[in-house]
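Coordinates in review
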Amino acid sequence: MIAEFIREPRVAYFSMEIALDAAIPTYSGGLGVLAGDTVRSAADLGLPLVAVTLVSRKGYFRQMLDPQGRQVESAATWEPERSTRAVDAKVAIPMEGRSVWVGARLYVLQSHLGGRQPVLLLDTDLAENAPEDRAITDVLYGGDERYRFKQEMVLGVGGVRILHALGFRIREYHMNEGHSALLGVELLRLHAYPPEHAQPGEPRYDVPRVRELCVFTTHTPVEAGHDRFSYELVEQILVGSDPGEMFVDLDELKALAGHDELNMTRLALNLSEYVNGVAVRHAEISRKMFPGYRVHAITNGVHPYTWTCESFRALYDRYVPSWCHEPELLVRVDGSVPDEALWAAHLQAKRNLTDQARGAGGVTLDPEGFIVGFARRMTAYKRPDLLFTDVERLAAIAAQRTLQIVLAGKAHPHDEAGKRLIERLAAHARQLAGRVKVVYLADYDMAMALRLTAGVDLWLNTPLAPLEASGTSGMKAAFNGVPQLSVLDGWWIEGCIEGVTGWAIGRTDGPEQDAPTLYDKLERVVLPLYYGDGCGNAGWLRVMKGAISKNASYFNSHRMMRRYATEAYLR
Ligand SMILES: *Cc1c(COP(=O)(O)O)cnc(C)c1O
């Protein structure tokens, strides 16, 4: 079953999380969705890849909300046996002076255009392992620092070893974020100079050769967001089964990963010849954060077919054939799709959302009225409560023209501030009851993300700039003809043409101006255009088409992968 995938050399794409399917909980948010879209585009385009991630048998978590808006978490246990097969190989990696065995399950990602790509889900739940070690690949982003470092050992070191054990030939290793940087340490070991060459003070490893093999995509625009581990912990875990034998020369590791603590981003930067940020602005910030490194920009994109709802797929199939392979063709939407057909497809997506959300929190959304959507990881910098800064102003705007709000998102179980944000949103919804319909949908996942980005009229994003490296949900909205109103940050700096693809909340006035600007734009620009104020909705349809023809045509993962292929993998 592996045979069909080992005939040609492949790019190994490593990611702690990958969103393969809405029913497979091996992802937490944007990073995993991007990884999934990467593999889906590779499958559509016939670009030979092999993805490596953890099996995460207990998933990230499932979210329920109590009436106060408190998040209740439960394990998102799934059965890998149903959609994956165990591969015929296992490898041992050293950990805390013993060996931990790592196996893998193969998931074959099938493109609707015919291509297939292998995804290896690393698994330590093997009979050979002690109970504690069997749990290493259970919970995505779970546990403490020690658990996390063990997961990163399994991903990086276990991943490289499994690939070799299975007979894969790897032309390039791509680290999606710093979590997988230990793969570079395993590559150093594989490219160690022969012992007879070892001279005191001479390097033990062929670092330039490893750098040729590695590509690193960074996703975090703040220093504090990078994964790091104390060397005390690292030394405890990296000691081999022979007493005193370290997995890697610690002095050389420190030279590459930082002297005070092991910084996974530094390690990845030092071991990768090609490094990129995920939007133009994010690459600029990364260059400032890491002076001396060359950081390229490849702006993220989303997978065309996955993020287009049924009614829009039918619309494009009819008017823009081949859009799934060449989403660039969507530039033609302005001239070739009739307004009535576009609006009918949108109303269908809207009804699909309002039907599914019927009765949530005691509210039923009206598909005839304007709906604004906001859904993403609930964490402080995303500022999900910005829209509710002045609830009386919001209510006054809604009193003039119907305005409904739909929200969703999970907070990481350890993110207390994020959880309080969800409670605050629930409190605002109660406060506005009878004046503005506000619905919070529990358990945000891929399927809900598609329903929401397709079924609202306006997609809202209000991060505190410059903390949104890229953002991708607004790109999903664009595929479904939904314009975005967003703070100018991440991809929106490139994607926003004011009044053409959506609207900006400006960066220049300072963050304290973001809420007033948001209200002004909603009240004076967005809602009057939507309702047409007696003149029909031709103006709104023009913006819908602008979002598709100018943004979906460009901010897709096919363009992104063609760039990775020509600039990073084949450099
Ligand atoms: C697309 C997606 C995200 C990322 O959204 P951002 O706007 O980039 O924050 C997060 N979670 C899910 C389930 C998604 O589908």
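Small disclaimer: the values here were computed from a predicted structure and weren't measured. (Residues numbered from 1 in each chain as written. Predicted model: local features only at pLDDT ≥ 70, side-chain atom pairs only at ≥ 80, totals over all residues. Heavy atoms only, no water.)

1. Some thoughts on the overall build of the chain
- Secondary structure summary: the chain contains 21 helices and 20 strands in total.
- Rg of the C-alpha trace for the chain: 24 Å, near the compact-globule value of 25 Å for 571 residues, within the 12% margin.
- Taking the principal axes of the C-alpha coordinates as reference, the chain spans close to 85 × 50 × 45 Å.
- When each of the 571 residues of the chain is scored for burial, the buried share is 60%.
- A sequence separation of at least 24 residues applies to 72% of the contacts in the chain between residues at least 6 apart.
- Total accessible area on the chain is roughly 21,300 Å²; 50% of this is exposed by carbon and sulfur atoms.
- If the 62 positive side-chain charges of the chain are averaged to one point and the 71 negative ones to another, these points end up 4 Å apart. (Helix = DSSP H or I, 4+ residues; strand = E, 2+ residues; numbered from the N terminus. Rg over C-alpha atoms; globule rule 2.2 N^0.38 Å. Buried < 20%, exposed > 50% of the residue type's maximum accessible area, 1.4 Å probe, protein only. Contact = heavy atoms within 4.5 Å. Areas by Shrake-Rupley, 256 points an atom, 1.4 Å probe, with all protein chains shown as cover. Lys, Arg positive; Asp, Glu negative; His and termini not counted. Charge placed at Lys NZ, Arg CZ, Asp CG, Glu CD.)

2. Thoughts on helix H11 (residues 310–319)
- Taken as a whole, H11 has its buried residues at Ser-311, Phe-312, Arg-313, Leu-315 and Tyr-316.
- Taken together, the buried residues of H11 touch helix H12 (333–336), helix H13 (339–356), helix H17 (473–479) and helix H20 (538–552).

3. Some remarks on the pattern of salt bridges
- Scanning the entire structure with this criterion turns up 46 salt bridges.
- The shortest N-O distance in the salt bridge between Glu-132 and Lys-150 comes to 3.0 Å. Note that Glu-132 is positioned in helix H3 (residues 131–134) and Lys-150 in helix H4 (residues 145–166), a separation of 18 residues in sequence.
- Since its relative accessible area comes to 4%, Lys-150 is described here as buried.
- Each of Arg-57, Glu-81, Arg-105, Asp-123, Asp-125 and Arg-134 takes part in salt bridges that share partners, so that together they form one network. (Salt bridge = Lys/Arg side-chain N within 4 Å of Asp/Glu carboxyl O.)

4. Description of the environment of Arg-377
- Here Arg-377 is to be found in the loop between strand S15 (370–375) and helix H14 (391–400).
- For Arg-377, a relative accessible area of 37% gives the class partly exposed.
- On a C-alpha basis, the gap between Arg-377 and Gly-418 in space is 8.5 Å, while along the polypeptide they are 41 residues apart.

5. Observations regarding the confidence of the model for the chain
- Within the chain, residue pLDDT values average 96, and 99% of them lie at 70 or more.
- Here H12 stands out as the least confident element of the chain, with mean pLDDT 94; strand S1 (residues 10–14) is the most confident, with 99. (pLDDT = per-residue confidence, 0-100.)

6. Some points on the nonpolar core
- Core analysis: the biggest nonpolar cluster contains 89 residues, and Phe-312, Tyr-316, Leu-330, Phe-370, Phe-388, Ile-405 and Leu-452 have the highest contact counts within it.
- Lining this core are residues from two domains, each supplying at least three of them: domain 1 (2–64 + 71–301 + 560–569) and domain 2 (310–555).
- Residues within four places of Leu-452 in sequence aside, it is in contact with Leu-353, Ala-375, Val-406, Ala-408, Leu-441, Tyr-444 and Trp-459.
- One finds Val-100, Val-185, Tyr-231 and Phe-290 within the second-largest nonpolar core, a separate group that totals 74 residues. (Core = buried A, V, L, I, M, F, W, Y, C linked by side-chain atoms within 4.5 Å. Domains from an automatic or database assignment.)

7. Examining the environment of Val-210
- Among the secondary structure elements, Val-210 is positioned in helix H6 (residues 207–213).
- When its relative accessible area of 0% is taken as the criterion, Val-210 is described as buried.
- Measuring from C-alpha to C-alpha, the distance between Val-210 and Leu-113 comes to 35 Å, with 97 residues separating the pair along the chain.
- Those residues in contact with Val-210 that lie beyond four places of it in its chain are Gly-184, Leu-187, Leu-188, His-191 and Leu-271.

8. Comments concerning the site of the ligand
- In the vicinity of the ligand lie 14 residues, with Lys-382, Ala-449, Thr-472, Ser-473 and Lys-476 positioned nearest.
- The contact in question runs from an oxygen atom of the ligand to an N or O atom on the side chain of Arg-376, over 3.4 Å.
- Taking Lys-382, its side chain carries an N or O atom lying 2.7 Å from an oxygen atom of the ligand.
- For the ligand, the protein covers 95% of the area, taking 390 Å² as the surface of the free molecule.
- When contributions to the shell around the ligand are tallied by element, the ones reaching two or more residues are helix H1 (30–45), helix H16 (446–455) and H17.
- For the shell around the ligand, the residue count by class is five nonpolar, five polar and four charged.
- Shared between two domains, the shell around the ligand takes at least three residues from each, and those domains are domain 1 (2–64 + 71–301 + 560–569) and domain 2 (310–555). (Near = heavy atom within 4 Å. Polar contact = N/O pair within 3.5 Å; in protein donor to acceptor, adjacent residues only side chain to side chain. Nonpolar A, V, L, I, M, F, W, Y, C, P; charged D, E, K, R; others polar.)

9. As for the sheet that holds strand S17 (residues 437–441)
- Taken in spatial order, the six strands make up an open sheet running S17-S16-S15-S18-S19-S20, and their pairing is parallel. With one partner strand each, in any of the chains shown, S17 and strand S20 (502–505) form the two edges of the open sheet. Here the strands of the sheet are splayed against their neighbours by 20 degrees on average, with no regard to which way each runs.
- Strand direction decides the pairing type here: S15 and strand S18 (residues 458–461), joined by two bridges, are parallel. Counterpart to Gly-373 in the pairing with S18 is Trp-459. (Pairing = 2+ DSSP bridges. Axes fitted to C-alpha atoms, helices over the stretch in contact; angles between N-to-C directions.)

10. So, the packing of aromatic side chains
- In this structure the tally under the stated criterion is 16 aromatic pairs.
- Measuring from centroid to centroid gives 4.8 Å for Phe-149 and Phe-229, while their planes differ by 65 degrees, and the two rings are edge-to-face. Residue Phe-149 is found in helix H4, and its partner Phe-229 is found in strand S11 (residues 228–230); the two are separated by 80 residues along the sequence. For the pair formed by Phe-149 and Phe-229, the shared burial category is buried.
- Measuring from centroid to centroid gives 4.9 Å for Phe-370 and Tyr-530, while their planes differ by 70 degrees, and the two rings are edge-to-face. A residue pair is termed long-range when its members are at least 10 positions apart, and Phe-370 in strand S15 and Tyr-530 in helix H19 (residues 514–531) qualify at 160 residues.
- By way of ring pairs, the aromatic residues Trp-343, Phe-370, Trp-503, Tyr-530, Tyr-531 and Trp-540 are connected into one cluster.
- Against the face of Tyr-231 rests Lys-254, its NZ or CZ located 4.9 Å from the ring centre.
- One Lys or Arg, Lys-410, reaches over the ring of Phe-61 and ends 5.1 Å from the middle of that ring. (Phe/Tyr/Trp six-rings, centres within 6.5 Å; stacked < 30°, edge-to-face > 60°. Lys NZ or Arg CZ within 6 Å of the ring centre and 35° of its normal.)

11. What about unusual backbone geometry?
- Between Ala-465 and Pro-466 the backbone carries a cis peptide bond, its omega angle lying at 5 degrees.
- Inspection of the secondary structure assignment puts Pro-466 in the loop between S18 and H17.
- The phi dihedral of Glu-177 is positive, around 75 degrees, even though this residue is not glycine.
- With respect to the helices and strands, Glu-177 occurs in the loop between strand S9 (170–176) and helix H5 (182–190).
- On the accessibility criterion, Glu-177 (9% relative accessible area) is buried.
- For Asp-443, which is not glycine, the phi dihedral falls at a positive 65 degrees.
- With respect to the secondary-structure elements, Asp-443 resides in the loop between S17 and H16.
- A residue is classified by how much of its surface remains accessible, and Asp-443, at 21% relative accessible area, is partly exposed.

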